[in-house]
Amino acid sequence: MKRKGIYSVMAFLLAAGLCLAKPVIGGAVEDADYLEKPCSVTVWAGDTQFREDLEKAQVVLDMYKVADAVEVQGGRGYVYELTAPYKNQEALKPIADQTDKDWRVLAQEATKITLAEGAGIDPYVKPADGTEPDGNGAGAGASAPYRAKNPGEKIEVDSGLYLLVARGNDLENYTKTIETEDGEKLVTMAQSPLYAYTFEPQLVSLPLGSVEGDGTTNILSGEGSWDYDVEITLKAEQNRRYGSLEIVKTLQSYETKEPAMFVFQIEAVLDGETVYSDVESIIFTEAGQEKILLENKIPAGAVVTVTEVYKGAAYSLETQADETQTRPIAADQISTVEFVNRYNDEQKGGHGIVNQFRYNETSGAWDWTPITE
């Protein structure tokens, strides 16, 4: 009779930065105590191309033990026995002939259970004296919790099935739900000053069955061995972070009959490349202060230059040096530039100009077309 909460395990696929489990029949083993041997896992958070920036994102790793590894009769492999508090979860019940997609679904379900508000599930703690932990958390003799481990750090564990969660150690809320072709997916987050990263939580089983160079698993033929020291690269998605720009315009006095229009050219440069270019305008019909907020539109790390390119015939800036102002842009912050104009005692006729800009793909420049009102 199959015990409730037990999964048949067999071989595992480790490829393309993913650790996916496939249920296939296990083979011969080298020792009778193969499940008693210590295991280790080294987890890299993101591909090599991201690692330099990821070091600035305070990425840490939590490991949660979802199931124990239990030897099958005859010593030909092991099965999963779900640990508390996973064993009574309907979403984690065994699925016959599971595919890679099935294991991704199980990883998602395990993550939702683990990180649910009020779940109270702690990262697994390896017993120091052979006693069992209390549930999935610390118990008598427990030590070395698998919490906040650094990427690349070798983590000593015992055999079993683990959920790996990468997160930003400086983020209080590090989960979000995204839409994919397969529906909603729960991901975890980390942030560097310039980039935001998302990680897909994954399941890994230890020990792993050995894999030949042609992709076949020796254990299937009964000739394989176990891999007790595993390295895994969690798949990360990198997206640029953005900051905001606020233009504050103060008109000290309004002395003309026509509306007073002020026009600003905005250029942001990052690593020698223009990453934002636009024109904004403010119209006054009385003295006072107006603002323009460009919210989360400029890449973090860029330097933005704002120039007052038109201020009408009857108004002058308080100081000519204020005509062009430069500010750095930081993620999730507002950089502010301020312009103050005053009436210059010259009652000249004037008119407003609406500026239309179109990007010219041939010349690679912006075409400026003034439209007189």
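Residues numbered from 1 in each chain as written. Predicted model: local features only at pLDDT ≥ 70, side-chain atom pairs only at ≥ 80, totals over all residues. Heavy atoms only, no water.

## A word on the pairing of strand S21 (residues 273–284)
No. 1: Pairing between strand S20 (residues 260–270) and S21: eleven bridges, direction antiparallel. Bridged to Val-269 within S21 is Thr-274.
No. 2: Connecting S20 to the antiparallel partner S21 that follows it, the hairpin turn spans two residues, and Asp-271 within it adopts a positive phi of roughly 55°. (Pairing = 2+ DSSP bridges. Helix = DSSP H or I, 4+ residues; strand = E, 2+ residues; numbered from the N terminus.)

## Concerning the confidence of the model for the protein
No. 1: Summary statistics for the protein give a mean pLDDT of 76 and a share of 70% for residues scoring 70 or more.
No. 2: A low-confidence stretch, residues 1–30 (pLDDT under 50), is modelled with 91 contacts involving residues beyond four sequence positions or located in other chains.
No. 3: Within the model, pLDDT remains below 50 along residues 129–144, and this stretch shows 35 contacts once partners closer than five positions in the same chain are excluded. (pLDDT = per-residue confidence, 0-100. Contact = heavy atoms within 4.5 Å.)

## Observations regarding the sheet that holds strand S17 (residues 229–234)
No. 1: Spatially, S9-S4-S17 is the arrangement adopted by the three strands of the open sheet, whose pairing is mixed. Every other strand in the sheet has two partners, leaving strand S9 (154–157) and S17 as the edge strands with one partner each. Strand-to-strand twist of the sheet, defined as the mean angle between neighbouring strand axes without regard to direction, takes the value 30°.
No. 2: Note: strand S4 (residues 39–45) against S17, six bridges, orientation parallel. In the sheet register, Ala-45 faces S17, and the bridge partner there is Leu-234. (Axes fitted to C-alpha atoms, helices over the stretch in contact; angles between N-to-C directions.)

## Here we look at the sheet that holds strand S11 (residues 175–180)
Within a sheet, adjacent strands bond to each other through the backbone by hydrogen bonds, running parallel or antiparallel.
No. 1: Taking strand neighbours across the sheet as the criterion, the four strands line up as S11-S12-S13-S18 in an open arrangement whose pairing is antiparallel. This sheet does not close on itself; its edge strands, each paired only once, are S11 and strand S18 (236–240). Strand-to-strand twist of the sheet, defined as the mean angle between neighbouring strand axes without regard to direction, takes the value 40°.
No. 2: When strand S12 (residues 183–191) meets strand S13 (residues 195–199), the two strands line up antiparallel, connected through four bridges. The partner of Gln-191 across the bridge, within S13, is Ala-196.
No. 3: Against the sheet, helix H2 (residues 100–115) contacts S11 and S12, and its axis sits at roughly 60° relative to S12.

## Quick notes on the pattern of salt bridges
No. 1: For the structure on display, the rule yields seven salt bridges.
No. 2: Among the salt bridges present, the one from Asp-62 reaches Arg-167, with a minimum N-O distance of 2.7 Å. With a gap of 105 residues between them, Asp-62 in strand S5 (residues 59–71) and Arg-167 in strand S10 (residues 160–168) connect regions that are remote in the sequence.
No. 3: Take Asp-62: its relative accessible area is 1%, and that puts it in the buried class.
No. 4: Between Lys-185 and Glu-200 there is a salt bridge, and its shortest N-O distance comes to 3.4 Å. (Salt bridge = Lys/Arg side-chain N within 4 Å of Asp/Glu carboxyl O. Buried < 20%, exposed > 50% of the residue type's maximum accessible area, 1.4 Å probe, protein only.)

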